[in-house]
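# Summary of structural features
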Amino acid sequence: MENTGFGIAIMAAGKGTRLKSRRPKVLHEIGGQALLLHVIAAAKTVTPAAKIYCIIGHEAESVRAAVESTGVAFVLQAEQRGTGHALQQLKAHFAASHETPPENLLVLSGDVPLIKPATLEAMCAFHLREHAAMTILTAEPTDPTGYGRVLRVSETSAEVTAIVEQKSLRPKQLIAREINSGIYCFRTATLFAHLDSLSTNNAHGEFYLTDIAAMLVAEGERVVALKADSVDEVLGANTIAEMMYLDAAMRLATAQRLMSEGVTIFRPETCVIDAQVEVGPDTVIEPYVQLLRNTKVGCDCRIASYSVVENTTLGNNVLLRNGCIVSESTIADGAKLGPYAHLRPGSDIGEGAHIGNFVETKKIRMGKGSKANHLSYLGDAVIGSGVNIGAGTITCNYDGTYKHPTTIDDGVFVGSNSTLVAPLTLGDGAYIAAGSCITEDVPAEALALGRSRQTTKLGWASARKSAKSNG
Ligand code: UD1
Ligand code: CA
């Protein structure tokens, strides 16, 4: 491998003042995942695997907790005095730990989340090939406002003279359109030798890492720029609006990936599909569907408009009619849900089962071919196969203090509008008469009626009418 000797630093200590949010910027989510997690994922694709140092500072503990499981190392920038100051902390870390710094350093920004693995790979290779002290990844967006501009020796040269921040641009330089992405490669020893010469003599009073470019050039070092293939992948997220632009770009890319894998998505721009979602071929997704977090959908499913599915696994051939809300659940092959079914966490719906209109479930297991087609609440229940739950059935699982289980064995028929007061077991093949309030276990094959008898008074209505007209 050519690009040996790289380490990776991710600058993620900033507050994100322009977001006007209490949450640290790098923990804001696009495509259903924190910005920083996207950047770490990209960093992890670099081969051979490089050690990743995450520079954290603002809300350091919550940032650390959110990304700790990725196994990155952390460097603390207790006070955030600019991007140059962030890398000074990395240098101090190496000095204090006696860890040998890598020969080259790939520097990423925690708020530039769409960066593609292939671009990082190409950039590292370019940096080595050019024998550069610093390589800057750039792009030419239609509106470069707000970004630092990269000034080249000439249009055709890879060599750079300086990076000028927006606020320091002289009138003549305002036409410069090539932006600094905030992603760089450095020869580490050269970077570290110059970091301490940075000053805060600029518009923000911060140590700008970008000032290092002109400084290196003045020392006779080679600083080069490489343009990324696409503009979107190097865009930063400084405001909520910018973040939502990236979110839309990422979701569209996810939809395009799924379509390339054989999934039909009508009006993909209306759907909200998180980056890690998987969907099998020949599944059809209608407009305005949300598939969130670790949702997995099998083949030949149909998910109708206005359904929201989160952290759920759907088998093959599953039908979600309009407006289903499903979270943390498992739906087996051939099941049919909705319209307007609400499956709350822990709903395990068996093969070919039906959960219909306005049915709410929570922590239930429902067996093969069982049906609850209308207007029910089923919670803390184990329901066998071939069970029919009539419209309006309620499991009364909560006594105000404790939750109690309901067991409904295979082939049970529960008549409409039954209240099943848990704890309760209905044995195999039992029948519950419509309108029953069931408080005791029902043995297999029995019929239980839990309702008062009907009284019919013949002629009552006409008697009342004639009493009224005579009075
Ligand atoms: C920076 C660049 C700018 C470039 C743009 C690309 C500088 C001075 N400017 O500007 O040329 O066009 O990125 O997106 O570098 N951070 C720290 N510690 C700090 C300050 C920032 O770790 O003390 C981190 C932030 O968390 C962020 C990244 O560095 O992830 C960039 O900082 P930000 O303030 O967003 O820089 P920009 O103004 O966007
Ligand atoms: Ca930024």
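Residues numbered from 1 in each chain as written. Chains lettered and ligands numbered in written order. Predicted model: local features only at pLDDT ≥ 70, side-chain atom pairs only at ≥ 80, totals over all residues. Heavy atoms only, no water.

In terms of regular secondary structure, the protein chain is built from eight helices and 39 strands. Taking 23 Å as the expected radius of gyration for a compact globule of 471 residues, we find that the protein chain reaches 31 Å, considerably beyond that expectation. Each principal axis of the C-alpha distribution contributes one length, and for the protein chain these read about 110 × 55 × 40 Å. Buried positions account for 50% of the 471 residues belonging to the protein chain. The long-range share in the protein chain, meaning contacts at least 24 apart out of those at least 6 apart in sequence, stands at 41%. For the protein chain, the centre of its 43 positive side-chain charges and the centre of its 48 negative side-chain charges are spaced 9 Å apart. (Helix = DSSP H or I, 4+ residues; strand = E, 2+ residues; numbered from the N terminus. Rg over C-alpha atoms; globule rule 2.2 N^0.38 Å. Buried < 20%, exposed > 50% of the residue type's maximum accessible area, 1.4 Å probe, protein only. Contact = heavy atoms within 4.5 Å. Lys, Arg positive; Asp, Glu negative; His and termini not counted. Charge placed at Lys NZ, Arg CZ, Asp CG, Glu CD.)

The calcium ion (ligand 2) binds to the protein through Asp-111 (OD) and Asn-238 (OD1); the donor distances cover 2.2 to 2.4 Å. Taken together, the residues Asp-111 in the loop between β6 (104-109) and α4 (117-129) and Asn-238 in the loop between β11 (223-227) and α7 (240-260) connect sequence positions 127 residues apart. (Donors = N, O, S within 2.8 Å, 3.2 Å for Na, K, Ca; no water.)

All right, on to the domain arrangement of the protein chain then. We note that the domain assignment places domain 1 (6-234) and domain 2 (262-448) within the protein chain. Counting residues at the interface gives four residues for domain 1 and four residues for domain 2. Roughly 310 Å² of surface becomes buried between domain 1 and domain 2 when both sides are summed, with 28% attributable to carbon and sulfur atoms. Considering only the surface of domain 1 that becomes buried against domain 2, Glu-29, Gly-31 and Gly-32 emerge as the three largest contributors, covering 80% of it. Scanning the region where domain 1 abuts domain 2 turns up one salt bridge. One salt bridge connects Arg-293 with Glu-29, and the closest N-O pair in it is separated by 3.1 Å. Residues that form the side of domain 1 that touches domain 2 fall into these classes: no nonpolar, three polar and one charged. (Domains from an automatic or database assignment. Buried area = accessible area lost by both parts, 1.4 Å probe. Salt bridge = Lys/Arg side-chain N within 4 Å of Asp/Glu carboxyl O. Nonpolar A, V, L, I, M, F, W, Y, C, P; charged D, E, K, R; others polar.)

Attention shifts here to the layout of surface pockets. Approximately 1100 Å³ is the volume attributed to the largest pocket. Lining of the largest pocket is provided by 38 residues; of these, Arg-18, Lys-25, Thr-83, Asp-111 and Asn-238 occupy positions nearest its centre. Elements that contribute at least two residues to the lining of the largest pocket include exactly α3 (83-97) and β10 (179-187). Tallying contributions element by element places β10 first for the lining of the largest pocket, with four residues. Taken as a whole, the second largest pocket spans an internal volume of roughly 430 Å³. Forming the boundary of the second largest pocket are 18 residues, of which Leu-114, Ile-115, Lys-116, Met-250 and Ala-253 lie nearest the centre. For the lining of the second largest pocket, the secondary-structure elements that each account for two or more residues are α1 (35-44) and α7. The element contributing the most residues to the lining of the second largest pocket is α7, with five residues. Within the lining of the second largest pocket, the residues separate by chemical class into ten nonpolar, four polar and four charged. (1 Å grid on protein atoms, 1.4 Å probe; cavity = no way out; pocket = protein on both sides within 12 Å on 5 of 7 lines; lining within 4 Å. Points joined across faces, edges and corners; volume = space filled by probe spheres on them.)

Within the largest apolar cluster, 52 residues are counted, with the highest numbers of intra-cluster contacts made by Ile-8, Ile-10, Leu-36, Leu-106, Leu-108 and Ile-183. No other element matches the six residues that α1 contributes to this core. With near-sequence residues (within four places) excluded, Leu-108 lies in contact with Ile-8, Ala-9, Ile-10, Met-11, Val-39, Ala-43, Leu-120, Gly-182 and Ile-183. If you look at the next biggest cluster of nonpolar residues, it comprises 48 residues, including Val-297, Cys-301, Ile-349 and Ile-355. (Core = buried A, V, L, I, M, F, W, Y, C linked by side-chain atoms within 4.5 Å.)

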